[in-house]
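Descriptive analysis of the structure
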Amino acid sequence: MGDRFRAYYTGAGTGDDALITDFDPREDRLQVYADLDYEFQIITADTDSDLPAGIGVFANGELIAILQDLEVLEEKENIFMIPV
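Let me begin by describing the structure that accompanies this report. In this text the structure is predicted, and so the values were computed from the model without any measurement.

The helix and strand tally for the protein stands at zero helices and six strands. Going from the N terminus to the C terminus, the protein shows its helices and strands as β-β-β-β-β-β. By residue count, 39% of the 84 residues in the protein fall in the buried class. Relative to all contacts within the protein whose residues are 6 or more apart in sequence, the contacts with residues 24 or more apart total 52%. For the protein, the accessible area works out to roughly 5,500 Å², and carbon and sulfur atoms hold 45% of it.

Structure (structure tokens):
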């Protein structure tokens, strides 16, 4: 999702987001660019019919990835690995 120099999947709106189909929060981590604010939002077919259902990852308000078919993340699950 990013490295220590820049964020990936930003700048083209929803046209350049990543679709992650087999993410397991117990085993997998997302590497992200540290200088942005990240948040999660549940995406359902009812609210966003052009996007697959899952958890949207937003960087500074822009959708950068969808963790497909995930519905809930526990607060304690740390899915980010912030580069130094």
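Before going further, it helps to spend a moment on the sheet that holds strand β1 (residues 18–20). With respect to topology, four strands assemble into an open sheet ordered β1-β5-β4-β3, the strand pairing being mixed. Only two strands of the sheet have a single partner each, and these edge strands are β1 and β3 (38–43). Averaged over all neighbouring strand pairs, the angle between strand axes comes to 25°, with direction disregarded. For strand β4 (residues 54–59) and strand β5 (residues 62–68), the ladder comprises six bridges, and the chain directions are antiparallel. When the bridges of β5 are listed, Gly56 appears paired with Ile66.

Another point: the environment of Ile42. The residue Ile42 is located in strand β3 in this model. Between the C-alpha atom of Ile42 and that of Ile66, which follows or precedes it by 24 residues, the distance is 9.3 Å. In contact with Ile42, other than residues within four places in its own chain, are Gly54 and Glu71.

Glancing now at the nonpolar core. Grouped together as the largest cluster of nonpolar side chains are 16 residues, with contacts concentrated most on Leu30 and Leu67. Only β1, β4 and β5 provide two or more residues apiece to this core. Listed in part, the five residues of the second largest apolar core include Ile43, Leu51, Phe58 and Leu63.

Attention now moves to the environment of Gly54. Relative to the helices and strands, Gly54 resides in strand β4. C-alpha of Gly54 to C-alpha of Glu71: the two residues are 17 residues apart in sequence and 5.7 Å apart in space. Apart from residues no more than four positions distant in its own chain, Gly54 is found in contact with Gln41, Ile42, Ile43, Ile66, Leu67, Gln68, Asp69 and Leu70.

Attention now goes to unusual backbone geometry. Not every positive phi belongs to a glycine, and Tyr9 is a case in point at roughly 65°. The residue Tyr9 is located in the segment before β1 in this model.

This part takes up the packing of aromatic side chains. The final tally for this structure, using the stated rule, is one aromatic pair. Consider the rings of Tyr8 and Tyr9, whose centres lie 6.5 Å apart with planes at 80°: the pair is edge-to-face. On the basis of relative accessibility, which here comes to 27%, the residue Tyr8 falls in the partly exposed class.

What counts and what doesn't
- Residues numbered from 1 in each chain as written.
- Predicted model: local features only at pLDDT ≥ 70, side-chain atom pairs only at ≥ 80, totals over all residues.
- Heavy atoms only, no water.
- Helix = DSSP H or I, 4+ residues; strand = E, 2+ residues; numbered from the N terminus.
- Buried < 20%, exposed > 50% of the residue type's maximum accessible area, 1.4 Å probe, protein only.
- Contact = heavy atoms within 4.5 Å.
- Areas by Shrake-Rupley, 256 points an atom, 1.4 Å probe, with all protein chains shown as cover.
- Pairing = 2+ DSSP bridges.
- Axes fitted to C-alpha atoms, helices over the stretch in contact; angles between N-to-C directions.
- Core = buried A, V, L, I, M, F, W, Y, C linked by side-chain atoms within 4.5 Å.
- Phe/Tyr/Trp six-rings, centres within 6.5 Å; stacked < 30°, edge-to-face > 60°.

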